[in-house]
Amino acid sequence: MPGTPDSSAAADAQSSGNGGIPHDSDDGTTVLGASDVARALTRIAHEIVERAKGAQDVVLLGIPTRGVTLAARLATRLAAIDPVFDPARDVGELDVTMYRDDLRRQPTRAVGPTRLPEAGIEGKTVVLVDDVLFSGRTIRAALDAIGDLGRPRAVRLACLVDRGHRELPIRPDFVGKNLPTATSERVRVRLAEVDGGEDAVLISGRAVVDHADDRASDTGRGTR
């Protein structure tokens, strides 16, 4: 899938909502705060409209769980940029559970709803929306699912965070922040509608030097 490798430069330059400096909490290091998430989504919405030369044929498909919330937020921004876009008509959600290649290892994974936009996907520019892009296997499953549902004119990918470590040749077209990580680290996106509290992107398991006593934090395990 084609991508735009420099599309997160603006968000990277002003990340974390703390003067561009990530800060720590008991849950990990906050690399994007609520204002950063809002700016990233606004920028992605503008990039979607610019790339599609308008939003008249654009539909959004959120990938559960947080991708659905992000798609709803993007829809509001798209409608503000181009009123031809209708959030009630042009947004859906896509469960990819039965298309995953790891079901044998995780047979108890729950199947969620798939709801196509009222406008359908035939001949449309479908923008898949997810929170964190990691191995690319979730997106591969989403592409397989779309193939069974219709034939869009084009499929694009928007994600809030690209943490690298791809196992498949998949790249986002629109990305809020490129976040280099180790495979041992865990990236979590918190959204007010899903998790309560303020929006945030946190990373845990990263070795952080404590300049007072030269200690390092424990390491965890990346998950997505």
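Remember, predicted model here, so these are calculated numbers, not experimental data.

1. Focus on the overall build of the protein
The helix and strand inventory of the protein stands at five helices and nine strands. Along the protein, from the amino end to the carboxyl end, the secondary structure elements read α-β-β-α-β-α-β-β-α-β-β-β-α-β. Pairs at least 24 residues apart make up 68% of the contacts formed inside the protein by residues separated by at least 6 positions. Of the roughly 10,900 Å² of accessible surface on the protein, 49% is carried by carbon and sulfur atoms.

2. Things to note about the environment of Val111
Tracing the chain through its elements places Val111 in the loop between strand S4 (91-93) and strand S5 (125-133). Sequence separation of Val111 and Asp95 is 16 residues, and the distance between their C-alpha atoms is 7.1 Å. Residues within four places of Val111 in sequence aside, it is in contact with Asp95, Thr97 and Met98.

3. Re the pairing of strand S2 (residues 28-32)
Of all five residues in S2, five are buried, a share of seventy percent or more. Pairing of S2 with strand S9 (residues 200-204), which is carried by three bridges, proceeds in the antiparallel orientation. Its bridge partner lying in S9, Leu32 is registered against Val201.

4. Some remarks on the packing of aromatic side chains
Applying the stated criterion across every chain yields a total of zero aromatic pairs. It is Arg163 that lies over the ring of Phe134; its NZ or CZ is 4.0 Å from the centre.

5. Structural notes on the pairing of strand S3 (residues 58-62)
With five of five residues buried, S3 is to be regarded as a mostly interior element. Taken together, the three bridges between S3 and S4 define a ladder with parallel strand orientation. Paired with Leu61 across the strands is Gly92, a residue of S4. Each parallel crossover has a hand, and for S3 linked through helix H3 (residues 66-81) to S4 it is right-handed.

6. Here we look at the pattern of salt bridges
Summed over all chains, the structure comprises 13 salt bridges. Among the salt bridges present, the one from Arg73 reaches Glu193, with a minimum N-O distance of 2.5 Å. In this pair, Arg73 is assigned in helix H3 and Glu193 in helix H5 (residues 192-195), connecting sequence segments 120 residues apart. Residue Arg73 is classed as buried on the basis of its relative accessible area of 14%. Given a relative accessible area of 51%, Glu193 falls into the exposed group.

7. Re the nonpolar core
One finds Leu60, Leu78, Phe85, Leu160 and Val201 to be the most contacted residues of the largest nonpolar core, which totals 32 residues. The set of elements that each furnish at least two residues to this core consists of S2, helix H2 (34-52), S3, H3, S5, strand S6 (154-162), strand S8 (186-190) and S9. Broken down by element, the residue count for this core peaks at seven residues, all from H2. Contacts of Leu78, omitting those with residues within four sequence positions, involve Ala45, Ile48, Val49, Val58, Leu60 and Phe85.

8. Considering H3
Across its 16 residues, H3 extends 23 Å between first and last C-alpha, which sits within 8% of the 22 Å expected from 1.5 Å per residue. Looking only at H3, the buried set comprises Gly67, Thr69, Leu70, Ala71, Arg73, Leu74, Ala75 and Leu78. Check the buried side of H3 and you find it contacts H2, S3, S4, S5, S6 and H5.

Thresholds applied
- Residues numbered from 1 in each chain as written.
- Predicted model: local features only at pLDDT ≥ 70, side-chain atom pairs only at ≥ 80, totals over all residues.
- Heavy atoms only, no water.
- Helix = DSSP H or I, 4+ residues; strand = E, 2+ residues; numbered from the N terminus.
- Contact = heavy atoms within 4.5 Å.
- Areas by Shrake-Rupley, 256 points an atom, 1.4 Å probe, with all protein chains shown as cover.
- Buried < 20%, exposed > 50% of the residue type's maximum accessible area, 1.4 Å probe, protein only.
- Pairing = 2+ DSSP bridges.
- Phe/Tyr/Trp six-rings, centres within 6.5 Å; stacked < 30°, edge-to-face > 60°.
- Lys NZ or Arg CZ within 6 Å of the ring centre and 35° of its normal.
- Right-handed = clockwise from strand over helix to strand, strands pointing away.
- Salt bridge = Lys/Arg side-chain N within 4 Å of Asp/Glu carboxyl O.
- Core = buried A, V, L, I, M, F, W, Y, C linked by side-chain atoms within 4.5 Å.
- Expected span 1.5 Å × (residues − 1).

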